[in-house]
Amino acid sequence: GSRGREVNAATFDPTGDIIVSGDAQGIRVGLTRGGEPHLLLSSDRDMDNLAVSPDGRWIASEANAEDYAIRLWPMPDLEKPPLHTLSREKLLAKLKSLTNLRAVRNENSSTGWKIEIGPSPAWEEVPTW
């Protein structure tokens, strides 16, 4: 169900197996057969159009904001659980696999933290979107 969310735009992928919708929180991508949708967070509150690429690998969103922004999103792996449903430990492990930047404590910093750049920005395990 919509759980009280107002859907601004919706579309299906070329196979009709995936539904993509946009609301004030972002873009939701899920299988038409059911299950928890993946949430792609967006600052665009007024999405006018959504489209899925013919190969099903990309989602395009158009927002009728001041900048008329068009954004591209990689299609999430819908066979895996959405990130927002993962335990804290699994979420941190997933996020660490996608970046070489780390926030580390630093008592000399005004915020108490600093950003540390780790080795090679290349992914050890290349994600499949």
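Residues numbered from 1 in each chain as written. Predicted model: local features only at pLDDT ≥ 70, side-chain atom pairs only at ≥ 80, totals over all residues. Heavy atoms only, no water.

K.L.:
Explain the nonpolar core to me, and be specific about the residues and the numbers.
P.N.:
Ile18, Val20, Ile27, Val29 and Ile59 are the most contacted members of the largest nonpolar core, which totals 14 residues. If you list the elements that add at least two residues to this core, you get strand S2 (18-23), strand S3 (26-31) and strand S5 (47-52). (Core = buried A, V, L, I, M, F, W, Y, C linked by side-chain atoms within 4.5 Å. Buried < 20%, exposed > 50% of the residue type's maximum accessible area, 1.4 Å probe, protein only. Helix = DSSP H or I, 4+ residues; strand = E, 2+ residues; numbered from the N terminus.)

K.L.:
How would you summarise the sheet that holds S2 if you had to cite specific residues and measurements?
P.N.:
Read from one edge to the other, the open sheet built from four strands follows the order S1-S2-S3-S4, with strand pairing classed as antiparallel. Of all strands in the sheet, those with a lone pairing partner are strand S1 (9-12) and strand S4 (38-41), marking the two edges. Going from strand to strand, the sheet's axes swing by 15 degrees on average, the running direction of each strand aside. Taken together, the six bridges between S2 and S3 define a ladder with antiparallel strand orientation. Bridging across to S3, Ser21 finds its partner in Arg28. (Pairing = 2+ DSSP bridges. Axes fitted to C-alpha atoms, helices over the stretch in contact; angles between N-to-C directions.)

K.L.:
Would you mind going over the pattern of salt bridges in detail, with residue names and values included?
P.N.:
Under the defined criterion, the tally for this structure stands at two salt bridges. For Asp23, the salt bridge identified is with Arg28, shortest N-O distance 2.7 Å. We note that Asp23, like Arg28, is buried. Between Glu79 and Arg33 there is a salt bridge, with its nearest N and O atoms 3.5 Å apart. In this pair, Glu79 is assigned in the loop between strand S7 (70-74) and helix H1 (88-98) and Arg33 in the loop between S3 and S4, connecting sequence segments 46 residues apart. Across the pair, exposure class does not vary: Glu79 and Arg33 are exposed alike. (Salt bridge = Lys/Arg side-chain N within 4 Å of Asp/Glu carboxyl O.)

K.L.:
Provide a residue-level description of the pairing of strand S6 (residues 58-63), including the pertinent values.
P.N.:
Burial along S6 is one-sided: Ile59, Ser61 and Ala63 are buried, while Trp58, Ala60 and Glu62, pointing the other way, are not. When S5 meets S6, the two strands line up antiparallel, connected through five bridges. When the bridges of S6 are listed, Leu50 appears paired with Ser61. Sheet analysis places S6 next to S7, joined by five bridges and oriented antiparallel. Considered in S7, the bridge of Trp58 is made with Pro74.

K.L.:
Let's hear about the environment of His38: which residues, and what values?
P.N.:
Structurally, His38 is set in strand S4. Here His38 falls in the buried class, since its relative accessible area comes to 9%. Along the backbone, His38 and Asp77 are 39 residues apart, and their C-alpha atoms lie at a distance of 8.9 Å. Apart from the residues within four sequence positions on either side, His38 is in contact with Ile27, Arg28, Val29, Pro76, Asp77, Leu78, Lys80, Pro81, Pro82 and His84. For His38, the side chain forms a polar contact with the main-chain oxygen of Asp77, separated by 3.5 Å. Polar contacts involving the side chain of His38 include one to the main-chain carbonyl oxygen of Lys80, which spans 3.1 Å. (Contact = heavy atoms within 4.5 Å. Polar contact = N/O pair within 3.5 Å; in protein donor to acceptor, adjacent residues only side chain to side chain.)

K.L.:
Help me get a handle on the sheet that holds S6, residues and values and all.
P.N.:
Strand order across the open sheet formed by three strands is S5-S6-S7, with antiparallel pairing between neighbours. The open sheet terminates on both sides in strands that have one partner only, identified here as S5 and S7. Across the sheet, the axes of successive neighbouring strands diverge by a mean angle of 20 degrees, strand direction being ignored.

Everything listed is a geometric property; what it means functionally is a separate question.
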